[in-house]
Amino acid sequence: FGFAEAINKISKEKQKKIVVIKGNGELAEPYMADFLKTVKESYFIAPFTLDSVAKQPIQTLEALKKYDLAVIAKPTEAFTEEEKQVLDQFIMNGGKTLWLLDEVTADMDSLTTSQSGTILAAQRNLNLTDMFFKYGIRISPLLVKDEYGTPIKLFTGREGSETQEQEYNWRFSPFVYPVSSHPVVKNMEGIKFEFASPIEILKSDINKIVLLASSEYSKTIGTPSPISLDMVTEETTPEEYEGKGMLPVAVLMEGKFNSMYQNRVLPFKDNSFQATGKDNKMIVISDGDVIKNKLNTDGEPYELGFDNRVGALYGNKEFLMNCVNYLLD
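Note that the structure is a prediction, hence the values are computed from the model and not measured. (Residues numbered from 1 in each chain as written. Predicted model: local features only at pLDDT ≥ 70, side-chain atom pairs only at ≥ 80, totals over all residues. Heavy atoms only, no water.)

Undergrad: Tell me about the overall build of the chain, and please be specific about residues and values.
TA: When helices and strands are counted, the chain shows seven helices and 19 strands. Relative to its length of 329 residues, the chain is compact, with a C-alpha radius of gyration of 20 Å against a globular reference of 20 Å. Overall, the chain is about 70 × 45 × 40 Å in size when its C-alpha atoms are taken along their principal axes. Expressed as a percentage of the 329 residues in the chain, the buried residues total 51%. Summarising the internal contacts of the chain: among those between residues at least 6 apart in sequence, 78% fall at separations of at least 24. Here the chain displays about 15,400 Å² of accessible surface, and carbon together with sulfur accounts for 49% of that area. (Helix = DSSP H or I, 4+ residues; strand = E, 2+ residues; numbered from the N terminus. Rg over C-alpha atoms; globule rule 2.2 N^0.38 Å. Buried < 20%, exposed > 50% of the residue type's maximum accessible area, 1.4 Å probe, protein only. Contact = heavy atoms within 4.5 Å. Areas by Shrake-Rupley, 256 points an atom, 1.4 Å probe, with all protein chains shown as cover.)

Undergrad: Run through the side chain of K84, naming residues and quoting values.
TA: Note that K84 resides in helix α4 (residues 81–92). At a separation of 2.8 Å, a polar atom in the side chain of K84 contacts the main-chain carbonyl oxygen of N127. If near-sequence neighbours (up to four positions away) are discounted, K84 is found in contact with F79, N127, L128, D130, M131, M260 and Y261. (Polar contact = N/O pair within 3.5 Å; in protein donor to acceptor, adjacent residues only side chain to side chain.)

Undergrad: Account for the nonpolar core, naming residues and giving values.
TA: If you look at the biggest cluster of nonpolar residues, it comprises 40 residues, and the most contacted ones within it are F35, L98, L212, I285, F319 and L320. Those elements that provide at least two residues to this core are β1 (17–22), α2 (33–40), β3 (69–73), β4 (96–100), β13 (207–213), β16 (248–258), β17 (276–285) and α7 (316–328). Residue contributions to this core peak at eight residues, all from α7. L64, L87, M92 and F257 belong to the second largest nonpolar core, which has 34 residues in total. (Core = buried A, V, L, I, M, F, W, Y, C linked by side-chain atoms within 4.5 Å.)

Undergrad: Provide a residue-level description of the packing of helix α3 (residues 57–64) against α4, including the pertinent values.
TA: Contact geometry for α3 and α4: axes closest at 10 Å, N-to-C directions at 35°. α3 and α4 meet at a crossing whose hand is right-handed. Facing P57, L61 and L64 of α3, the residues of α4 in contact are V86, L87, Q89 and F90. Its residues assigned to classes, the contact of α3 with α4 comprises six nonpolar, one polar and no charged. (Axes fitted to C-alpha atoms, helices over the stretch in contact; angles between N-to-C directions. Left-handed = near helix turned anticlockwise from the far one by under 90°. Nonpolar A, V, L, I, M, F, W, Y, C, P; charged D, E, K, R; others polar.)

Undergrad: Describe α7, listing the residues and the values that go with them.
TA: Between its terminal C-alpha atoms α7 stretches 18 Å, which fits the 18 Å expected from 13 residues at 1.5 Å a residue. The buried count for α7 comes to 12 of 13 residues, which makes it a mostly enclosed element. Those residues of α7 that fall on the buried side of the exposure criterion are N316, K317, F319, L320, M321, N322, C323, V324, N325, Y326, L327 and L328. (Expected span 1.5 Å × (residues − 1).)

Undergrad: How would you sum up the pattern of salt bridges? Please name residues and give values.
TA: Side chains that differ in charge, positive against negative, can pair when their charged atoms come close. Summed over the entire model, instances satisfying the criterion amount to 17 salt bridges. Close ionic contact of E62 with K65 constitutes a salt bridge, the shortest N to O distance being 3.1 Å. For D109, the salt bridge goes to K292, with nearest N and O atoms at 2.8 Å. Taken together, the residues span a long stretch of sequence, with D109 in helix α5 (residues 108–113) and K292 in the loop between β17 and β18 (306–307) at a distance of 183 residues. (Salt bridge = Lys/Arg side-chain N within 4 Å of Asp/Glu carboxyl O.)

Undergrad: Run through unusual backbone geometry, naming residues and quoting values.
TA: Residue P224 follows T223 across a cis peptide bond; omega there is 0°. Along the polypeptide, P224 turns up in the loop between β14 (218–221) and β15 (225–228). In this structure, N263 takes a positive phi of about 60° despite not being glycine. Within the fold, N263 resides in the loop between β16 and β17.

Undergrad: Lay out the packing of aromatic side chains with the relevant residues and their values.
TA: Inspection of every chain in the model, using the stated rule, returns 10 aromatic pairs. Look at W99 and F132: their rings are 5.0 Å apart centre to centre, the planes differ by 80°, and that puts the pair in the edge-to-face class. Of this pair, W99 sits in strand β4 while F132 is found in helix α6 (residues 129–135), placing the two residues 33 residues apart along the sequence. Between Y302 and F306, the aromatic rings sit 5.5 Å apart at their centres with planes inclined by 55°, giving tilted as the arrangement. Given a relative accessible area of 25%, Y302 falls into the partly exposed group. Joined through ring pairs, the aromatic side chains of W99, F132, Y135 and F257 make up one cluster. One Lys or Arg, K281, reaches over the ring of Y326 and ends 4.5 Å from the middle of that ring. Above the plane of the ring of Y31 lies K292, whose end atom (NZ or CZ) is 4.9 Å from the centre. (Phe/Tyr/Trp six-rings, centres within 6.5 Å; stacked < 30°, edge-to-face > 60°. Lys NZ or Arg CZ within 6 Å of the ring centre and 35° of its normal.)

Undergrad: Residue-level account of the sheet that holds β13, with values.
TA: Taken together, seven strands build an open sheet; the order of strands is β2-β1-β3-β4-β17-β16-β13 and the sheet is mixed. This sheet does not close on itself; its edge strands, each paired only once, are β2 (44–49) and β13. Here the average twist between neighbouring strands, direction ignored, is 20°. Pairing geometry for β4 and β17, over four bridges, is parallel. Across the sheet, L98 pairs through a bridge with I283, a residue of β17. Docked against the sheet, α7 engages β1, β3, β4, β13, β16 and β17, running at close to 155° with respect to β4. (Pairing = 2+ DSSP bridges.)

In short, the description is geometric, and any link to function would need to be established separately.
What follows is the structure in structure tokens.
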């Protein structure tokens, strides 16, 4: 896959067009800077705001159809039915999609800046459940807790003028090692997740391949639920995880998708509406932070996958670039 990607990069002109969807509280550009910079080497890329759907849905859909792949990165506001119809018809017309979704309102920035060191993790309503149900999956409004967590550093006190820090295993940031032999993830480094949710695979005609799953020593936590930094000191046993692990957190879907508006009243009139799509592919990742790079004190982006607090580099960038390359070629 690495050879194919390199040959492709040096032998072909840029042809495919990627659009980054905006308008529903998605990640700001500085937090996607390293991903965008890397993608620009091989593809045309542009932002696309869905705000115009309210007044000009047909024109918005026609404009979106000119792109080959839409990236939807960590939206925080619910999608309207009109916006969903535009995205649905983009998919029916062969548009590829890479979804990075947080079904639960919890993130490390809120937790580490909270005075109490505690946040309430609750379900986030993005109004996408029925859409993904029709396509063949469901992102559960739960959190994955995994013994194979990534490290975090916490202040433990002062010694003289020096602040003391200690490294702990943070079970809400799973360190996911690919076990699939699929080319998107084969022989890849571990990928860092933060507050991921499990993806439920439903029966449908779409072919579904689990690209990434939590470890066998993982389980789900219900929401709403308080999450505290004090949880790093929790004692656990292997018995707690028996029969609960291997929870899907990234799924590839391939086939002819059926529109979620099949046999339903359309939110807006569209004479070119398609109830069944062309052969297509999409990847759904149940964590918006997989694509998020950290920023240094000057607001400059670190490399995607680099955790400056513990000095570790994870395989997030390679994984996402493999996703993009696989969907587009």
